[in-house]
Amino acid sequence: MAKPDVLISEVGPRDGLQNCAETMPLASKTAWIAAEAAAGVTEIEVGSFVSPKLLPQMADTADVVAFALTVPGLDVAVLVPNLKGARMAVEAGAHKITLPLSVSETHSLRNIRRTHDQVIEEAKAISDMLDELPEDQRPHFEGSLSTAFGCTLEGAIPEDLILRLATRLMEAGCDEVGLSDTTGYGDPASIKRLIRTVRGEVGAKNLTGVHLHNTRGLGLANALAAYEEGITTFDSSLGGLGGCPTAPGASGNIVTEDLVFMFESMGVNTGIDLDALMACREIVAKALPDEELYGFTPKAGLPLGFKGAPVPAAAE
Ligand code: ZN
């Protein structure tokens, strides 16, 4: 089958749910994952191997991974904060693991009580552990540079520090680095600038994905800017789940439905059926009745005669 032009990586079951007050039952998580995969989503970050004391919403991640692995054609991604989490991810059989490194050291200390050096050590330990695995069991290992476009505690982060950390993550053994606008501070110009600079440092093939939040309404503009720079993987969340409780009306991640609509309207194939994707909202709404679901396209509906992007011809 032909590969879509861009990869939409759904992070709602992880980033979305970890920011919700309520815990979604396992049966709803699995129904949601199955429905999105059936709609054509080929990568889903299904959970996070963190302490269940810190994030009870993620306590069943091993079970969620076990289910997700039974869904044909689905790449199963998880977040891990450390070596212990990475071991659990490998045991569960995840295809992709992401280790976040906050480029703001204040944020890193506040969040996970670790300095930059300590997180890099952890990346090295994870990479060493992965190197022991047979090739077909080794998950893809991404180091994610979070708060890359600014931090609520430190403000702007010096670019040379970000570049140094990107290089150190690659040297520690990551397969690639990603850029995360955790705080929604990025704008299209800063997104382009940082992608270009980091790619200049680690090579274009080692930075293919961005993780954007829509905190200030610039999410889609930022995604488009990243696309124009050659980025091909976009994290997003169904219904923009995970809205920040301290900023009413501000959604969390960029909304998967709107992102897919933008690309498909532009003629950029995502491989996703929009009607089927929007129908997944019912599962989430039913499981989390108090959670607000965002998105313009689901509210307005698809334009009359909307066909979406043409499916690219299979490579010879
Ligand atoms: Zn996020």
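To be clear, the structure that these remarks concern was listed above.
Just so it is clear, the structure is predicted and the values come from calculations on it, not from any experiment.

Q: Pulling in residues and values, what's your account of the pairing of strand E6 (residues 176-181)?
A: Burial within E6 is extensive, with six of its six residues counted as buried. Along E6, one buried face is formed by Glu176, Gly178 and Ser180 and the opposite face, lined by Val177, Leu179 and Asp181, is buried too. One ladder, built from four bridges, connects strand E5 (residues 140-146) with E6; its direction is parallel. Paired with Glu142 across the two strands is Glu176, which belongs to E6. Handedness of the crossover is the feature at issue here: the chain leaves E5, passes through helix H7 (residues 159-172), returns alongside E6, and the resulting connection is right-handed. For the segment spanning E6, helix H8 (residues 188-202) and strand E7 (residues 209-212), crossover handedness is right-handed.

Q: Describe in detail the coordination of the zinc ion, supporting the description with residues and values.
A: Within the protein, the zinc ion binds to Asp15 (OD), His211 (NE2) and His213 (NE2); these donor distances fall in the range 1.9 to 2.1 Å. Sequence spacing among the residues donating to the zinc ion works out to D-x195-H-x1-H. With Asp15 in helix H1 (residues 12-18) and His213 in the loop between E7 and helix H9 (219-228), this pair connects stretches of sequence that are 198 residues apart. Across this residue pair, the class does not change: Asp15 and His213 are buried.

Q: Lay out the packing of aromatic side chains with the relevant residues and their values.
A: Aromatic ring pairs: the centre-centre distance and the angle between the two ring planes describe each pair. Under the defined criterion, the tally for this structure stands at three aromatic pairs. An angle of 55° between the planes, with centres 5.1 Å apart, marks the rings of Phe234 and Phe263 as tilted. You can see Phe234 sitting in strand E8 (residues 233-236) and its partner Phe263 sitting in helix H10 (residues 256-266), a full 29 residues away along the chain. Each member of the pair, Phe234 together with Phe263, is buried. Here the aromatic cluster, defined as three or more aromatic residues joined through ring pairs, consists of Tyr227, Phe234 and Phe263.

Q: Explain the pattern of salt bridges to me, using residue names and the numbers behind them.
A: Applying the stated criterion across every chain, the model contains 13 salt bridges. With a closest N to O distance of 2.7 Å, Arg14 and Glu45 form a salt bridge. With a gap of 31 residues between them, Arg14 in helix H1 and Glu45 in strand E2 (residues 43-48) connect regions that are remote in the sequence. The pair Arg14 / Glu45 is uniform in exposure class, with both members buried. Linking Glu257 and Arg281 is a salt bridge whose minimum nitrogen-to-oxygen distance equals 2.6 Å.

Q: Could you give an account of the side chain of Glu122, naming the residues involved and the relevant values?
A: Note on placement: Glu122 falls in helix H6 (residues 116-131). The exposure class of Glu122 is buried, given its relative accessible area of 16%. If sequence neighbours within four positions are ignored, Glu122 has contacts with Pro81, Asn82, Leu83 and Arg114.

What counts as what
- Sequence order as written defines the numbering, with residues in each chain counted from 1.
- Confidence filtering applies because this is a predicted model: local features only for residues at pLDDT of at least 70, side-chain atom pairs given and counted only at 80 or more, and all residues used for totals across whole chains, interfaces and linings.
- The side-chain numbers reported here are obtained from all heavy atoms of the structure, hydrogens and water having been left aside.
- Only protein chains enter the area calculation, which uses a 1.4 Å probe; residues under 20% of their type maximum are buried, those over 50% are exposed, and those in between are partly exposed.
- Numbered from the N terminus, helices here are DSSP runs of H or I no shorter than four residues, and strands are runs of E no shorter than two.
- Note: two strands are recorded as paired if DSSP finds a minimum of 2 bridges between them.
- Looking down the strands as they point away from the viewer, one classifies a crossover as right-handed if the path from the first strand across the helix to the second runs clockwise.
- With water excluded from the atoms, a metal site may look incomplete; its donors are any N, O or S atoms within 2.8 Å, or within 3.2 Å for Na, K and Ca.
- Only the six-membered ring of Trp is used, alongside the rings of Phe and Tyr, when aromatic pairs are assigned; centres must lie within 6.5 Å, and planes under 30 degrees apart are stacked while those over 60 apart are edge-to-face, with the rest tilted.
- The term salt bridge refers to a side-chain nitrogen of Lys or Arg lying within 4 Å of a carboxyl oxygen of Asp or Glu.
- Contact criterion: two residues are considered in contact whenever any of their non-hydrogen atoms come within 4.5 Å of each other.

Function cannot be read off these values alone, since they describe shape.
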